[in-house]
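Overview (structure and organization)
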Amino acid sequence: MKIKFLAASGIIAALYIAVTMLVAPFGFTEVQFRVSEIFNHLVAFNPRFAVGIIIGVFISNIFSPLGIYDLVFGVGHSMITLGLFILICKFVKHIWARLIINTFLFTCTMFIIAFELNLALELPFFWTWLTVAAGEFVVLAVGAPIMYILNKRLHFKEMIE
């Protein structure tokens, strides 16, 4: 692995962790506005960003009040959804289409987190899916134009190569 890739992955992981801890009360349980999920949009520019994001999710979830549940389901959710998104990106080249697809894909797959919360806290599945999906949608919908503008300045695709 190249040093640049390792450094970029570490920075992304650290940013994900810092932002998650900053809004920690709103990043766990049934109402989630985990602002750090905005970093999922980096994969729309370069799939290699997935490594740093998944490491960031793993370390952040070590501090989750749900313990092992969040390590399994939270990390699993990110791995599955980012994996699906990377496959989709092989066929979709337009960046705005990717950002929109990513927003809806993460929103829909929040059923994994709803299932986790149903197991861990006995919260009602469908209501919890609605609440966590709504939070995810808001974060990613607001985050898409932010990441698009940042990319104009920072050129994410070349940043990790």
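A few points on the structure. Being a predicted model, the structure only gives us computed values, none of them experimental.

1. Side note on the packing of aromatic side chains
Overall, the coordinates contain nine aromatic pairs when judged by the stated rule. Both rings, one in Phe125 and one in Phe126, keep their centres 4.9 Å apart while their planes meet at 80°; by these two values the pair is edge-to-face. Directly above the ring of Phe5 sits Arg48, whose terminal nitrogen or CZ lies 4.1 Å from the centroid.

2. Quick notes on the packing of helix H4 (residues 68-89) against helix H5 (residues 95-108)
At a closest axis distance of 10 Å, the pairing of H4 and H5 adopts a crossing angle of 150°. By the angle between their axes, H4 is roughly antiparallel relative to H5. Every pair of crossing elements has a handedness; the one defined by H4 and H5 is right-handed. Taken together, the residues of H5 that come into contact with H4 (itself represented by His77, Thr81, Leu82, Leu84, Phe85, Ile88 and Cys89) are Arg98, Ile101, Asn102, Leu105 and Phe106.

3. Re helix H7 (residues 125-154)
When the local axis directions of H7 are compared, the greatest deviation, roughly 30°, occurs at Gly143, which is followed within four positions by the proline Pro145. All of the buried residues along H7 are Thr128, Thr131, Val132, Ala133, Gly135, Glu136, Val139, Leu140, Gly143, Ala144, Met147 and Asn151. Of the surrounding secondary structure, the elements contacted by the buried residues of H7 are helix H2 (42-45), H5, helix H6 (111-121) and helix H8 (156-159). Remark: His155 follows H7 within two positions and exhibits a positive phi of approximately 55°.

Parameters and conventions
- Residues numbered from 1 in each chain as written.
- Predicted model: local features only at pLDDT ≥ 70, side-chain atom pairs only at ≥ 80, totals over all residues.
- Heavy atoms only, no water.
- Phe/Tyr/Trp six-rings, centres within 6.5 Å; stacked < 30°, edge-to-face > 60°.
- Lys NZ or Arg CZ within 6 Å of the ring centre and 35° of its normal.
- Axes fitted to C-alpha atoms, helices over the stretch in contact; angles between N-to-C directions.
- Helix = DSSP H or I, 4+ residues; strand = E, 2+ residues; numbered from the N terminus.
- Parallel < 35°, antiparallel > 145°, perpendicular 65-115°, else oblique.
- Left-handed = near helix turned anticlockwise from the far one by under 90°.
- Contact = heavy atoms within 4.5 Å.
- Bend = angle between axes of the 7 residues up to and from the residue.
- Buried < 20%, exposed > 50% of the residue type's maximum accessible area, 1.4 Å probe, protein only.

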